[in-house]
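So you can see what is in the structure, the chains are spelled out below.
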Amino acid sequence: MAQVRETSLPSGSGARWSSGGGGGASPEEAVEKAGKMEEEAAGATKASWGQEAEEMKLEPLQERKPAPEENLTWSSSGGDEKVLPSIPPRCHSSSSPVCPRRKPRPRPQPRARSRCLPGLSPHPASCRPPLPPPPPPPPAQRPRAWRGSRRRSRPGSRPQTRRSCSGYLDGSRDPGGLGDWLLEVEFGQGPTGCSHVESFKVGKNWQKNLRLIYQRFVWSGTPETRKRKAKSCICHVCSTHMNRLHSCLSCVFFGCFTEKHIHRHAETKQHHLAVDLYHGVIYCFMCKDYVYDKDIEQIAKETKEKILRFLTSTSTDVSHQQFMTSGIEDKQSICETKEQEPKLVKPKKKRRKKSVYTVGLRGLINLGNTCFMNCIVQALTHIPLLKDFFLSDKHKCIMTSPSLCLVCEMSSLFHAMYSGSRTPHIPYKLLHLIWIHAEHLAGYRQQDAHEFLIAILDVLHRHSKDDSGGQETNNPNCCNCIIDQIFTGGLQSDVTCQTCHSVSTTIDPCWDISLDLPGSCATFDSQNPERADSTVSRDDHIPGIPSLTDCLQWFTRPEHLGSSAKIKCNSCQSYQESTKQLTMKKLPIVACFHLKRFEHVGKQRRKINTFISFPLELDMTPFLASTKESRMKEGQPPTDCVPNENKYSLFAVINHHGTLESGHYTSFIRQQKDQWFSCDDAIITKATIEDLLYSEGYLLFYHKQGLEKD
Amino acid sequence: MNKDAQMRAAINQKLIETGERERLKELLRAKLIECGWKDQLKAHCKEVIKEKGLEHVTVDDLVAEITPKGRETGFTMLRRLVLNSQGQAVLLPQPSRLLRL
């Protein structure tokens, strides 16, 4: 697994929460000062200083250099354990580390910060005196345990909350995303809320009434409640259903917020609390702000869960379901942890400038020698066009039984991978479908990743065909399914008769290009690799080391077929010696290069471990059929405009480790323009470009430039 | 209430009754997240909070500040939302990303 040195520090200077500004305030001083802050009408500058001081207090380890991005490791604890968070949130305060697999780190991982913090009020000035924080536990121990628990009990993190905190029934705990990081600077408190909420909570049956309100008017799931909500949820003054409608907690009154109708009611009736019917948050008219009470949040959460459970059991839309359920599981774990130990949460702002985008990166559980599948899945799920296709739900199932449709399963897989969840995904359904549709891959034996790639593309292609159209079902040239759009290239084979020089051309569709390697029986080890094409820029050229470009040149060389393989020439009307040459007629959007490392010569099978260097950017122009033709005509390669459409960027590399009999597949995946991650089944780590470029390389995935997302 | 508002109320009722409203809300939420709108707005929120100072900002302040911006950018982003041939809502890709075949 690659370890990482961060190449650039998160720039603290421009960040809002720069650590340097607070000076050397000790925790106690900082508390005092922050306490004073609450009482003064502090200006913005003071406020920010106070915030920094609070931060100093919260983070005694701050002065150290921020840890490199190796913090990004997240993993399951061995493949076969549960993948849902199970560690109780309290664990990070115990003395024993809960995640023995993790190395101790100098600083807690910033990203695993959870975002929702329902139990605390965002408004410190409301009715609560600041409490002195408990003494921080010994630094060496605390970050490790904390981080461990962070990862386990709350697998979500920032990218995840895009979906989770505003899960199906809205991020009620987090209107606008405030609650979370505001609370980072909150002093550790017990149950919060305000005194008015407290007095409300002593009323008779307050829980029952609150629950009723939630069930009937905020999160109405059943048809009856929805009907009731539709009819009755309008402002009693102006009859609007919009304008931030609130319901009074003490009586049956609905009033809109924007027009202050609910405010009027609160004043006249002295009912100080109301609930927002869109988000379920409680507003206190005395404190003039939304308050977050732990008990009320608990009730809200339970109500929502009930409704969601009901809804997901009735919902038939697969992606909808997945979306909602992933929303639940993340949300639960997020809010629980946050409630327990808010003061240990490290503010993330420092890292925000250099945030690594990890949505779409999820580990995959190995189901028994299925690393070959996991790698291919990682590569496929990071093809931007394919991602767009599936996440926009463009697939319309043509199978008679959709549960057997592999494309539908890919669609759910994409949704799962991009759900924002960071727990490893278990692709058992995909595996099962592959077994059904590609019997030669069934079983738990070790398989070849390339073979799997071809098989899965084939099944996806078959399941994507339009049955009703009058197209030839077996002619891939006519198919316009997403697989063909992305992967199919045209391989041109020209056979030239040596006698009359007539050329017979065929063009075959291909999904990948399999390249012989030097050192194999089939290649150019003994001869000098052709370096005639010096005009081509060679990004992968290391003297003495064969490169991908060398392999491609070998692949597209004119090959004398020899006297034992004469071809019947149509113009000569006889068998003649000929040369054959392969070139690319049509370039696919995603080009997959397969380095033929597994050699079978008779009964002998061996793996070729020769290191082949490969570039981050590849220009396919020299290997095009058109280039060859113009070269033959003009006698030199075209040097004017090299069109950009032949330029490719590397985005995934699959490596094989071990021997032919027993090996393991891992992959490198690129996120954004230059962030690389190593994916080893369920374990994802940040990787450097060096790690990538010095890896052996077995399957190389390149994407046409200009058609990628950022 | 004038006729327009009446019709709107009636439609809203129907939407709630059938559960469509929640579904649509969810869909919109997903699309807005997908195109980065939520993050943009979140960043803006944080700026506002920094400006106003943590202890003194209220939800109302934030709502007042970000509602106009949010509405405007939201509409811009959602204008790309169309129904495809299968009746599903998709965000039109930005022009540079259309397939050229």
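The rules behind the values
Residues numbered from 1 in each chain as written. Chains lettered and ligands numbered in written order. Predicted model: local features only at pLDDT ≥ 70, side-chain atom pairs only at ≥ 80, totals over all residues. Heavy atoms only, no water. UniProt positions renumbered as here; feature names shortened; annotations may be inferred. Helix = DSSP H or I, 4+ residues; strand = E, 2+ residues; numbered from the N terminus. Buried < 20%, exposed > 50% of the residue type's maximum accessible area, 1.4 Å probe, protein only. Contact = heavy atoms within 4.5 Å. Areas by Shrake-Rupley, 256 points an atom, 1.4 Å probe, with all protein chains shown as cover. Salt bridge = Lys/Arg side-chain N within 4 Å of Asp/Glu carboxyl O. Core = buried A, V, L, I, M, F, W, Y, C linked by side-chain atoms within 4.5 Å. Polar contact = N/O pair within 3.5 Å; in protein donor to acceptor, adjacent residues only side chain to side chain. pLDDT = per-residue confidence, 0-100. Pairing = 2+ DSSP bridges.

The name an unreviewed UniProt entry gives chain B is Transcription and mRNA export factor ENY2, with Aotus nancymaae as the organism. Reading the Sequence similarities (unreviewed entry) entry of the UniProt record for chain B gives the comment "Belongs to the ENY2 family." Recorded under Subcellular location (unreviewed entry), the UniProt text for chain B is reproduced unchanged: "Nucleus, Nucleoplasm".

As annotated in an unreviewed UniProt entry, chain A is Ubiquitin carboxyl-terminal hydrolase from Aotus nancymaae. Listed under Catalytic activity (unreviewed entry) in UniProt, the entry text for chain A is "Thiol-dependent hydrolysis of ester, thioester, amide, peptide and isopeptide bonds formed by the C-terminal Gly of ubiquitin (a 76-residue protein attached to proteins as an intracellular targeting signal)."

J.: Tell me what's going on with the overall build of chain B, and back it up with residues and numbers.
T.: Looking only at helices and strands, chain B has four helices and two strands in total. Of the regular secondary structure in chain B, the N- to C-terminal order runs α-α-α-α-β-β. Relative to its 101 residues, chain B shows a buried fraction of 39%. In chain B, once contacts between residues fewer than 6 apart in sequence are set aside, the share between residues at least 24 apart is 46%. Roughly 6000 Å² of accessible area belongs to chain B as shown, and the carbon and sulfur atoms make up 58% of that amount.

J.: Tell me about the pattern of salt bridges, residues and numbers included.
T.: Summed over the entire model, instances satisfying the criterion amount to 18 salt bridges over all chains. Here Glu559(A) ties to Arg557(A) by a salt bridge, and the two come within 3.8 Å at their closest N and O atoms. Given the relative accessible area of 30%, Glu559(A) is considered partly exposed. Close ionic contact of Glu65(B) with Lys52(B) constitutes a salt bridge, the shortest N to O distance being 3.8 Å. In this pair, Glu65(B) is assigned in helix α4 (residues 59-78) and Lys52(B) in helix α3 (residues 37-52), connecting sequence segments 13 residues apart. Residue classification places Glu65(B) among the partly exposed positions, given a relative accessible area of 32%. The class for Lys52(B) is partly exposed, based on a relative accessible area of 35%. A single network of salt bridges, built from pairs that share partners, joins Glu198(A), Lys201(A), Asp293(A) and Asp295(A).

J.: Explain the nonpolar core to me, using residue names and the numbers behind them.
T.: Residues and elements named next belong to chain A. One finds Ile 376, Leu 380, Met 410, Ile 456, Phe 487, Tyr 665 and Phe 701 to be the most contacted residues of the largest nonpolar core, which totals 63 residues. Residue contacts for Ile 376: discarding those within four places in its chain leaves Ala 449, Phe 452, Leu 453, Ile 456, Ile 654 and Leu 699. If you look at the next biggest cluster of nonpolar residues, it comprises 31 residues, including Leu 587, Phe 593, Leu 595 and Leu 692.

J.: I'd like a description of the environment of Ser392(A), backed by residues and values.
T.: Residues and elements named next belong to chain A. Among the structural elements, Ser 392 can be located in the loop between α13 (384-391) and α14 (406-417). In this structure Ser 392 comes out as buried when scored by relative accessible area, which is 7%. Between the C-alpha atoms of Ser 392 and Ser 411, which are 19 residues apart in sequence, the distance is 9.4 Å. Engagement of the side chain of Ser 392 in a polar contact is seen with the backbone oxygen of Asp 388, the distance being 2.5 Å.

J.: Explain the confidence of the model for chain A to me, and be specific about the residues and the numbers.
T.: The pLDDT averaged across chain A works out to 69; a share of 59% of its residues lies at or above 70. Low pLDDT, under 50, characterises residues 525-537 of chain A; the predicted model gives this stretch 14 contacts beyond four residues in sequence or across chains.

J.: Talk me through the pairing of strand β17 (residues 647-658) of chain A; I want residue IDs and the actual numbers.
T.: All names here are of chain A. In terms of residue burial, β17 counts as a mostly covered element, since nine of its twelve residues are buried. Pairing between strand β16 (residues 617-619) and β17: three bridges, direction antiparallel. If you follow Asp 619 over to β17, its bridge partner there is Lys 647. Here six bridges tie β17 to strand β21 (residues 699-704), and the two strands are oriented antiparallel to one another. Note on β21: the bridge partner recorded for Ala 652 is Phe 701. Summarising the sheet, β17 and strand β18 (residues 663-671) pair through seven bridges and their orientation is antiparallel. What sits directly across from Gly 658, in β18, is Gly 663. Counted between consecutive antiparallel strands, the loop separating β17 from β18 contains four residues.

J.: I'd like a rundown of helix α12 (residues 371-381) of chain A, residues and numbers included.
T.: Taken across its eleven residues, α12(A) has eleven buried, putting it largely inside the fold. Buried within α12(A) are the following residues: Cys371(A), Phe372(A), Met373(A), Asn374(A), Cys375(A), Ile376(A), Val377(A), Gln378(A), Ala379(A), Leu380(A) and Thr381(A).

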